Amino acid sequence: MLDKESLHLLQEALQKLEEPYASLPSFTPAADAEALQAVLQETAGRMQDNFPFYHPLYVGQMLKPPHPMARLAYAMAQFVNPNNHALDGGRASSLMEKEAVAQLAAMLDWPQHLGHLTGGGTMANLEALWVASKLQPGKTVLASELAHYTHERISAVLGIPFEKIAVDKQGRLDLQALEARLQRGDVGTVVATLGTTGLGAVDPLDKLVALQQTWGFRLHADAAYGGYFRLAGNLEPEVARAFATLSQADSVVIDPHKHGLQPYGCGCVLFRDPAVGRFYRHDSPYTYFTSEELHLGEISLECSRPGAAAVALWATQRLLPLEQGGAFAQDLEKCRQAALQCWDQLQQSPHWMPLLPPALDIVVYAPRAADTDTISRLSQQIFTAAAKKDLHLAQFRYPTRLLPTSWQGVEIRGEWVTCLRSCFMKPEHVEWLPEIWSRLEASREEVAGPQA
Ligand SMILES: *Cc1c(COP(=O)(O)O)cnc(C)c1O
């Protein structure tokens, strides 16, 4: 079940870690093992109240278990507890952060870059929009209506005007609507989402790059969810074209804690032009700088940051390099394959209506019914019935005005319809698909009856 076998590797690693301190006078921090044990057992008991996110039968929200490599490296690093704010807070881990981030930049084919890890995609996007607003002061940020809600909120925090642009029936930024808005003027930044959080839809970044040449806006790619799919070899051509153009965005956000096998607390912002580092300049009376080198606290809005997150990412990328055709890329391809197979199965069944063919590894679907109210009710009931069979799905509310033509004939009874949503984020989902499908069908039959 939970991986306990690799824990002995942590013991070995800690022995190696303490080697350089062997000459120090011995010192044992006080710890009352009995008290620790009692509270830790109690804590484990409290933590039992969770869905089994690590298991292939969890096919719901965006939750992916960290790789054992990341868990072990993170746990080991905590015994040092480096702070990646200033170099003297974490010399090794700061270097490892720079190396790991450079590998992400290399994945974008950027010969140079400026970038660092953040607490997550929200902070990473905040920094990207903050830099964008310094370069395009007072001008409006545009993102699609299906972009992450964080862009609107961050813009409000930063005091930048923000507007939403309509999407097409595939959930992608609508280029005609965008051009109409660009013609009205005063647009500073366009956010392209490569993998929307709900559907995994991919905005046509290649076409946005072309528009950028005419209109001169700054182009930010929010690839918090989808960024790593640049390495996958089984994308549809137009999706692959969008990912290929990531190298032309001005800034890119990728969350290692989404598809990069990291525990939470690991986002990343990358800028194509290192000169934007000038906006971060500050005079700190607190931090004692022992190095002439640029340290990470000078290029990050967050001050103290977990060195352990950088160590975990570095170790994971060392084990699983970010290469096309490599083991990491193959696992992503399997996630997408699972989503495609599931979509095929839904499509062929008379009982289901999938929303759209998945651009990445997220599938949204609903039980077939005559009207959107019934669909919403059945979706909610199937969600609950499936959970009782240990199959964990997610619910997803979609605007009925965006329903695809394949849903023609369904009577629309309100602005929203509740569907089911599955993020196939684990490569194991491919092998588990027959089991997932049989539990899904059993749940539907239980709720709607075999004929429905
Ligand atoms: C998850 C996500 C975010 C927010 O990132 P957090 O790591 O949750 O802060 C932003 N944009 C997209 C596209 C996302 O999928």
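Residues numbered from 1 in each chain as written. Predicted model: local features only at pLDDT ≥ 70, side-chain atom pairs only at ≥ 80, totals over all residues. Heavy atoms only, no water.

A few words now on the overall build of the protein. For the protein, the count of helices and strands is 13 helices and 11 strands. For the protein, whose C-alpha radius of gyration is 24 Å, the value lies close to the compact-globule estimate of 22 Å for 452 residues. Reported as C-alpha extents along the three principal axes, the dimensions of the protein are approximately 75 × 60 × 40 Å. Per-residue burial over the protein gives 52% buried out of 452 residues. Sequence-distant contacts in the protein: of pairs separated by 6 or more residues, those separated by 24 or more amount to 74%. As displayed, the protein has an accessible area near 21700 Å², and 53% of this comes from carbon and sulfur atoms. (Helix = DSSP H or I, 4+ residues; strand = E, 2+ residues; numbered from the N terminus. Rg over C-alpha atoms; globule rule 2.2 N^0.38 Å. Buried < 20%, exposed > 50% of the residue type's maximum accessible area, 1.4 Å probe, protein only. Contact = heavy atoms within 4.5 Å. Areas by Shrake-Rupley, 256 points an atom, 1.4 Å probe, with all protein chains shown as cover.)

Below, the discussion takes up the side chain of H392. Positionally, H392 belongs in the loop between α12 (372-388) and β10 (394-399). Setting aside its immediate chain neighbours within four residues, H392 contacts F51, P52, L57, Y58, V59, G60 and A387.

So, about the sheet that holds strand β4 (residues 187-193). Whenever strands of a sheet pair, they do so through backbone hydrogen bonds, lying parallel or antiparallel. With respect to topology, seven strands assemble into an open sheet ordered β1-β7-β6-β5-β4-β2-β3, the strand pairing being mixed. The open sheet terminates on both sides in strands that have one partner only, identified here as β1 (114-118) and β3 (162-165). Each adjacent strand pair in this sheet contributes to an overall mean axis angle of 20 degrees, direction not counted. Here strand β2 (residues 140-144) pairs with β4 via three bridges, running parallel. Within β4, the residue paired with T140 across the bridge is V187. Strand contacts of helix α7 (residues 175-183): β2, β3 and β4, with the helix running at about 145 degrees to β3, the strand carrying the most contacts. (Pairing = 2+ DSSP bridges. Axes fitted to C-alpha atoms, helices over the stretch in contact; angles between N-to-C directions.)

Next up on the list: the pairing of β3. The side chains of a regular strand alternate between the sheet's two faces. Judged from the four bridges that link them, β2 and β3 form a sheet pairing that is parallel. When the sheet's bridge partners are listed, A143 is paired in β3 with K164. A crossover connection joins β2 to the parallel β3 through helix α6 (residues 150-158); in handedness this β-α-β unit is right-handed. (Right-handed = clockwise from strand over helix to strand, strands pointing away.)

As a further point, take the domain arrangement of the protein. Segmentation of the protein into domains returns domain 1 (77-281 + 293-319) and domain 2 (327-448). For domain 1 and domain 2, the distance between their C-alpha centres works out to 29 Å. Taken together, the contacts link 30 residues of domain 1 with 23 residues of domain 2. When the buried surface of domain 1 facing domain 2 is broken down by residue, K169, L199 and N234 rank first, second and third, together holding 29% of it. (Domains from an automatic or database assignment. Buried area = accessible area lost by both parts, 1.4 Å probe.)

A few words on α6. All buried positions along α6 are accounted for by T150, H151, I154 and S155. One side of α6 holds all its buried residues, which, seen down the axis, span an arc of 130 degrees. Turned more than 90 degrees away from the buried face of α6, the exposed residues are R153 and A156. Contacts from the buried residues of α6 go to α5 (121-135), β2, β3, β4 and β5 (218-222). (Arc of directions from axis to C-beta.)

Another aspect to go through is the pattern of salt bridges. With the rule as written, the count across this model stands at 18 salt bridges. R401 is the partner of E145 in a salt bridge, and the nearest nitrogen-oxygen pair spans 2.6 Å. Placement of E145 in the loop between β2 and α6 and of R401 in the loop between β10 and β11 (416-423) is noted, with a sequence separation of 256 residues between them. Judged by its relative accessible area of 54%, R401 falls in the exposed class. Bridged by salt links that share partners, the residues E163, R181 and R184 form one connected network. (Salt bridge = Lys/Arg side-chain N within 4 Å of Asp/Glu carboxyl O.)

Okay, the side chain of R230 next. Take R230: it is sitting in the loop between β5 and α9 (237-244). We classify R230 as buried; its relative accessible area is 11%. Those residues in contact with R230, other than ones at most four positions away along the chain, are M107, L108, D109, F243, A244, T245, L246, S247 and Q324.

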